[in-house]
Amino acid sequence: GATTNVDANTLDDYEEGTFTPWVSDTSHSAATVEGEAYSTRLGFYTKIGDTVFFNARITLTSLGSLANTTSYVEGLPFTVGAGGGRYGVYFSEGGGLALTAGHSPAGIAQPSTTYITMAQWSVTTGSSSFLTSHWTADGALTVTGSYKV
């Protein structure tokens, strides 16, 4: 119900919902435009004030004609804020990926966009591009993160 509470600590913006993520190449095409197919595309978010917390799962069944370029996870529920830098995300679980041994998925929610630029991380060589060829026809990832709007 409505309240007239004017306390400085009163929550003024709270929202929960779902979103539908997808994988893209540098064309940033809409989902399935490149012919890729999925068995899972599900994301959940909570927005509190100007901060979005999210968790998403993507499982591919076909790569379609995605170009072998940097890979992106598209479809974040809100545009990432333009100020305050980039926001790292955490890939908590995955499988069916063609990564070099010792490399892990990494990513950054890019300012003024609704996507995550993917990378791969190695403790010995640092960060490098996560290409669409690092996905396989049964590739799957779970990503968690937060960002300011």
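Criteria and cut-off values
Residues numbered from 1 in each chain as written. Predicted model: local features only at pLDDT ≥ 70, side-chain atom pairs only at ≥ 80, totals over all residues. Heavy atoms only, no water. Salt bridge = Lys/Arg side-chain N within 4 Å of Asp/Glu carboxyl O. Helix = DSSP H or I, 4+ residues; strand = E, 2+ residues; numbered from the N terminus. Buried < 20%, exposed > 50% of the residue type's maximum accessible area, 1.4 Å probe, protein only. Contact = heavy atoms within 4.5 Å. Patch = residues over 30% accessible without salt bridge, like charges linked within 9 Å, V, L, I, M, F, W, Y side chains within 5 Å. Areas by Shrake-Rupley, 256 points an atom, 1.4 Å probe, with all protein chains shown as cover. Phe/Tyr/Trp six-rings, centres within 6.5 Å; stacked < 30°, edge-to-face > 60°. pLDDT = per-residue confidence, 0-100.

**Observations regarding the pattern of salt bridges**
- For the structure shown, the criterion picks out 3 salt bridges.
- The shortest N-O distance in the salt bridge between Lys148 and Asp50 comes to 3.3 Å. You can see Lys148 sitting in strand S10 (residues 135–148) and its partner Asp50 sitting in the loop between strand S3 (37–48) and strand S4 (51–62), a full 98 residues away along the chain.
- You can call Lys148 partly exposed: its relative accessible area is 35%.
- For Asp50, a relative accessible area of 39% puts it in the partly exposed group.
- For Arg57, the salt bridge is made with Glu93, and the minimal N-O distance between the two is 2.2 Å. Taken as a pair, Arg57 in strand S4 and Glu93 in strand S6 (residues 87–97) lie far apart in primary sequence, 36 residues in all.

**Some words on unusual backbone geometry**
- One non-glycine residue with positive phi stands out, namely His28, at about 55 degrees.
- Secondary-structure assignment places His28 in the loop between strand S2 (22–24) and S3.
- Residue His28 is classed as partly exposed on the basis of its relative accessible area of 28%.
- We note that Thr32 has phi near 65 degrees; this positive angle belongs to a residue other than glycine.
- Within the element layout of this structure, Thr32 appears in the loop between S2 and S3.

**Points about the environment of Ser127**
- Residue placement: Ser127 occurs in strand S9 (residues 126–129).
- Separated by 77 residues in the primary sequence, Ser127 and Asp50 place their C-alpha atoms 29 Å from one another.
- Ignoring anything within four residues of it in the chain, the contact list for Ser127 reads Ala119, Gln120 and Trp121.

**Quick look at a nonpolar patch on the surface**
- A surface patch of nonpolar side chains, amounting to about 280 Å² of accessible area, comprises Tyr14, Ile48 and Phe53.
- Residue placement: Phe53 occurs in strand S4.

**Details of the packing of aromatic side chains**
- Considering all chains together, one arrives at 5 aromatic pairs under this definition.
- Judged by centre distance (6.4 Å) and plane angle (75 degrees), the ring pair of Phe19 and Phe54 falls under edge-to-face. Here the residue Phe19 occupies a position in strand S1 (residues 14–19), and Phe54 occupies one in strand S4, the gap between them amounting to 35 residues. The residues Phe19 and Phe54 share a single accessibility class, namely buried.
- Through successive ring pairs, a cluster of aromatic residues spans Phe19, Phe54 and Tyr147.

**Re the confidence of the model for the chain**
- With 92% of its residues at a pLDDT of 70 or more, the chain shows a mean pLDDT of 89.
- By mean pLDDT, the top-scoring element of the chain is S1 (97), and the lowest-scoring one is S9 (88).

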